[in-house]
Amino acid sequence: MTEPRILPTSESLKVEFKSDRKRLSDDDLVAALTCLANAEGGELWLGVEDDGTPTGLHKEHQNLTGLSGMIASRTSPSLAVTVNPIEVAGVHVAQILVPQSSTEVATTSGMYLRRRLKQDGTPECVPMLPHERSSRAGRFGLYDVSAQAVAGATLNDLDPLERERLRQTVRQYGGDRVLLELDDEALDGALGFTTRNDQGVRVPTLTGLLVIGREPALRERVPTYELAFQVLAREAVSFNEFRRFPLLKALDWLETNFRPYNPESEIQIGLFRVPVPKVDMGAFREAVANALVHRDYHRLGTVHVRLDDHGLTVSNPGGLVEGVTLQNLLTTEPRPRNPALADAMKRIGIVERSGRGVDKIYRGMLRFGRPEPDYSRTDHNNVVLQLATVDADEPFLKLVVEQEKSHNDTPLPIDSLIVLAALREHKRMDADELSQHIHRNATQTRRTLEQLVEAGLLQAHGNTRSRSYTLSAQMYRAHGEQVAYTRQAGFSSLQHEQMVLNFVQQHSRIQRNDVIELCHLSEDQATRLLTRLKNEDKLIQHGKLRGSFYTVNSDS
């Protein structure tokens, strides 16, 4: 047995307790494990009561050899688990580690089960229905529902007026102009709007219905689709309408109704007048289009676009697809839930052709000196994006525009904008801290930082090991905050020395932590300063290591 180990405090989506006092049946054990595998994976503790009390393994389970083989033989495809014997409070239990499966796992008796949380937050095991299996396969990129024929749909469900709207959209947004040369049938085939059924007859796909379908057909054939636009001001409802228009018409309708609530001012930068909207329209279009393209069309639910006193919120049913997390949102390769629909919308020109629409949303916020887009409310069931509608930072925008003009109108990289935004908020940071903001490794982060230093937008402080960064004097001067720059940039070594000596005169003694806080230095920098003052006989060291402190040398 291994050394004693602390149990999880309670059951969760990824933790299951199973009592073994009366010997848990193989069927019940296998069912519980498939539930975990079909959700997020996790661990099952055999020999533990529901309240987390370890009561031990049944005598028939004392020898765990062969348990993993039994589980593999009674699941399809075979589930590979790891069984660890554990001793908890003198009681022998088993920890069974279950990986998340990319394909649905069934028991050999034909049961498909999944784990979910009830309203009270406790987990339960429930049957996995056919549409849930398709939804799960889409999240893992194993099935594209948008490329499938829609049951009962015919070519009459496609609207010729929406095809004409599509061609106008291609012209307006710079889509693939090859599409303009195609006739209706060729256009439908090129964009995946139709496919052939078993009889060889052309029928609409989900993509076709969503983009150019008639509204009655969408209501009947795709009941999970709906778009809502709501405007709330101090809890009063100014606008609240729900629509099931085809996607291009829906986006036009939404933009037309959003513009009156999106006032725009202008600022003069050199010879140019730069518009400053409440919400950048490029970021708005990309956020809404992403929600419509990447939502889960197996789930009943509405894509909500809500403008209130706190900002703009865009939410859609279906969490992030497998492999995409909040930590790699900016750097991961594009992984659409509905590849056929995403490809069609890219070629039409509605969403970013590179698949990096998130970058466009970030740029639309950060370029105006506003906070980063906030995805923190996203969970397994919904993606929620919040865009703050605070006033733009006009001096910051001027500096960004001037920087871009000096480089032949080349946009400032997203990484650079995120770094500048982080330092505006946190004032002083090192490369490791900033790398977490831009989702890059240390080498890439330092390269970005040094480019910003060379451009005169950042100021580096300290040597290579302990280097930190602040906004440059130019950035602070643009905001009329020269005093704040001096405070953040720090002081000369002579000033640091005088601050330390003054502190000791006032408080009789000083420790390294006092120096770190007083002078805003790193541990290494504080140690070197104290060592130099000691070597110059200005301070006397008392004690060693962590307990050491320094007093004034009265003989100096």
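Figured I'd write up the structure that's included with this text.

Concerning the packing of helix H13 (residues 414-426) against helix H14 (residues 431-438)
Okay, so step 1: Viewed as axis vectors pointing N to C, H13 and H14 meet at an angle of 120°, and their least axial separation amounts to 9 Å. Looking at the two axes, H13 sits oblique to H14. Of the two possible hands of crossing, H13 and H14 adopt the one that is right-handed. Along its contact with H13, which presents Asp415, Ile418, Val419, Ala422, Leu423 and His426, the element H14 presents Leu434, His437 and Ile438.
Okay, so step 2: The residue inventory of the contact of H13 with H14, partitioned by class, reads six nonpolar, two polar and one charged.

Observations regarding unusual backbone geometry
Okay, so step 1: In this structure, Pro77 follows Ser76 across a cis peptide bond, with omega equal to -10°.
Okay, so step 2: Positionally, Pro77 belongs in the loop between strand S3 (75-76) and strand S4 (82-88).
Okay, so step 3: We note that Asp409 has phi near 60°; this positive angle belongs to a residue other than glycine.
Okay, so step 4: With respect to the element layout, Asp409 can be found in the loop between helix H12 (394-405) and H13.
Okay, so step 5: At His439, a residue that is not glycine, the phi angle is positive and equals roughly 60°.
Okay, so step 6: Residue position: His439 is located in the loop between H14 and helix H15 (442-454).

Let's talk about the sheet that holds strand S18 (residues 429-430)
The pairing of strands in a sheet comes from backbone hydrogen bonds and takes either a parallel or an antiparallel form.
Okay, so step 1: On the basis of which strands lie adjacent, the open sheet formed by three strands has the order S18-S20-S19 and antiparallel pairing. At either end of the open sheet lies a strand with only one pairing partner, and these are S18 and strand S19 (458-461).
Okay, so step 2: Of the strand pairs in this sheet, S19 and strand S20 (residues 468-471) are connected by four bridges, and their pairing is antiparallel. Within S20, the position partnered with Leu458 by the bridge is Leu471.

Digging into the packing of helix H4 (residues 160-173) against helix H8 (residues 247-258)
Okay, so step 1: Two elements in contact, H4 and H8, have axes separated by 10 Å at closest approach and are oriented at 60°. One element, H4, and the other, H8, form an angle in the oblique class. Taken together, the residues of H8 that come into contact with H4 (itself represented by Glu162, Arg165, Leu166, Thr169 and Tyr173) are Leu248, Lys249, Asp252 and Glu255.
Okay, so step 2: Tallied by class, the residues present in the contact of H4 with H8 amount to three nonpolar, one polar and five charged.

A closer look at H15
Okay, so step 1: If you check H15, its first and last C-alpha atoms are 18 Å apart, about what 13 residues at 1.5 Å a residue would give, namely 18 Å.
Okay, so step 2: Buried residues of H15: Thr445, Thr448, Leu449 and Leu452, and no others. Along H15, the residues classed as buried sweep out an arc of 100° about the axis, all on the same side. Residues Thr443 and Glu454 are exposed on H15 and point more than 90 degrees away from its buried face.
Okay, so step 3: The inward-facing, buried residues of H15 abut H13, H14, S19 and S20.
Okay, so step 4: Taking the backbone nitrogen of Thr443 as reference, a side-chain oxygen 3.2 Å away marks Asn441 as the first, capping residue of H15.

Observations concerning the sheet that holds strand S1 (residues 15-18)
Okay, so step 1: Read from one edge to the other, the open sheet built from four strands follows the order S1-S2-S5-S4, with strand pairing classed as mixed. At either end of the open sheet lies a strand with only one pairing partner, and these are S1 and S4. For this sheet, the mean inter-axis angle between neighbouring strands, taken without regard to orientation, is 25°.
Okay, so step 2: With seven bridges connecting them, S4 and strand S5 (residues 91-98) associate as antiparallel partners. Within S5, the residue paired with Glu87 across the bridge is His92.

A look at empty space enclosed by the protein
Okay, so step 1: Tallied over the entire structure, the rule returns two cavities of 30 Å³ or more.
Okay, so step 2: Taken as a whole, the largest cavity encloses approximately 570 Å³ of empty space.
Okay, so step 3: Lining the largest cavity are 31 residues, and of these Asn290, His294, Leu320, Leu329 and Val358 sit closest to its centre.
Okay, so step 4: Looking at the lining of the largest cavity, the elements with two or more residues in it are helix H9 (281-294), strand S16 (311-317), helix H10 (339-348), helix H11 (357-366) and strand S17 (382-387).
Okay, so step 5: The leading source of residues in the lining of the largest cavity is H9, at six residues.
Okay, so step 6: Of the residues assigned to the lining of the largest cavity, the class counts are 17 nonpolar, seven polar and seven charged.
Okay, so step 7: Taken together, Ser134, Ser135, Gly138, Tyr143, Val145, Arg295, Asp296, Tyr297, His298, Arg337 and Asn338 form the lining of the second largest cavity.
Okay, so step 8: Residue classes in the lining of the second largest cavity are distributed as three nonpolar, five polar and three charged.

Some remarks on the pairing of S1
Okay, so step 1: Judged from the four bridges that link them, S1 and strand S2 (residues 42-46) form a sheet pairing that is parallel. The residue of S2 that forms the bridge with Val15 is Glu43.
Okay, so step 2: What joins S1 to S2 is helix H1 (residues 26-37), and the crossover it makes is right-handed.

Some remarks on the packing of aromatic side chains
Okay, so step 1: The full count for this structure, using the stated rule, is seven aromatic pairs.
Okay, so step 2: Ring centres of Tyr225 and Tyr297 lie 6.5 Å apart, and the angle between their planes is 45°; on these two criteria the pair is classed as tilted. With Tyr225 in the loop between helix H7 (215-221) and strand S11 (227-233) and Tyr297 in the loop between H9 and strand S15 (303-308), this residue pair connects regions lying 72 residues apart in the sequence.
Okay, so step 3: Taking relative accessible area as the criterion, Tyr297 reaches 6% and is therefore assigned buried.
Okay, so step 4: Consider the rings of Phe239 and Trp253, whose centres lie 6.3 Å apart with planes at 50°: the pair is tilted. Separated by 14 residues along the polypeptide, Phe239 in strand S12 (residues 236-243) and Trp253 in helix H8 bring together distant segments of the chain.
Okay, so step 5: For Phe239, a relative accessible area of 12% translates into the label buried.
Okay, so step 6: For Trp253, a relative accessible area of 12% translates into the label buried.
Okay, so step 7: One aromatic cluster is present, formed by Phe229, Phe239, Phe245, Trp253, Phe258, Tyr261 and Phe284 through successive ring pairs.
Okay, so step 8: One residue, Lys249, lies across the ring of Phe245, its end atom 4.4 Å from the ring centre.

Scoring rules and cut-offs
Residues numbered from 1 in each chain as written. Predicted model: local features only at pLDDT ≥ 70, side-chain atom pairs only at ≥ 80, totals over all residues. Heavy atoms only, no water. Axes fitted to C-alpha atoms, helices over the stretch in contact; angles between N-to-C directions. Helix = DSSP H or I, 4+ residues; strand = E, 2+ residues; numbered from the N terminus. Parallel < 35°, antiparallel > 145°, perpendicular 65-115°, else oblique. Left-handed = near helix turned anticlockwise from the far one by under 90°. Contact = heavy atoms within 4.5 Å. Nonpolar A, V, L, I, M, F, W, Y, C, P; charged D, E, K, R; others polar. Pairing = 2+ DSSP bridges. Expected span 1.5 Å × (residues − 1). Buried < 20%, exposed > 50% of the residue type's maximum accessible area, 1.4 Å probe, protein only. Arc of directions from axis to C-beta. Polar contact = N/O pair within 3.5 Å; in protein donor to acceptor, adjacent residues only side chain to side chain. 1 Å grid on protein atoms, 1.4 Å probe; cavity = no way out; pocket = protein on both sides within 12 Å on 5 of 7 lines; lining within 4 Å. Points joined across faces, edges and corners; volume = space filled by probe spheres on them. Right-handed = clockwise from strand over helix to strand, strands pointing away. Phe/Tyr/Trp six-rings, centres within 6.5 Å; stacked < 30°, edge-to-face > 60°. Lys NZ or Arg CZ within 6 Å of the ring centre and 35° of its normal.

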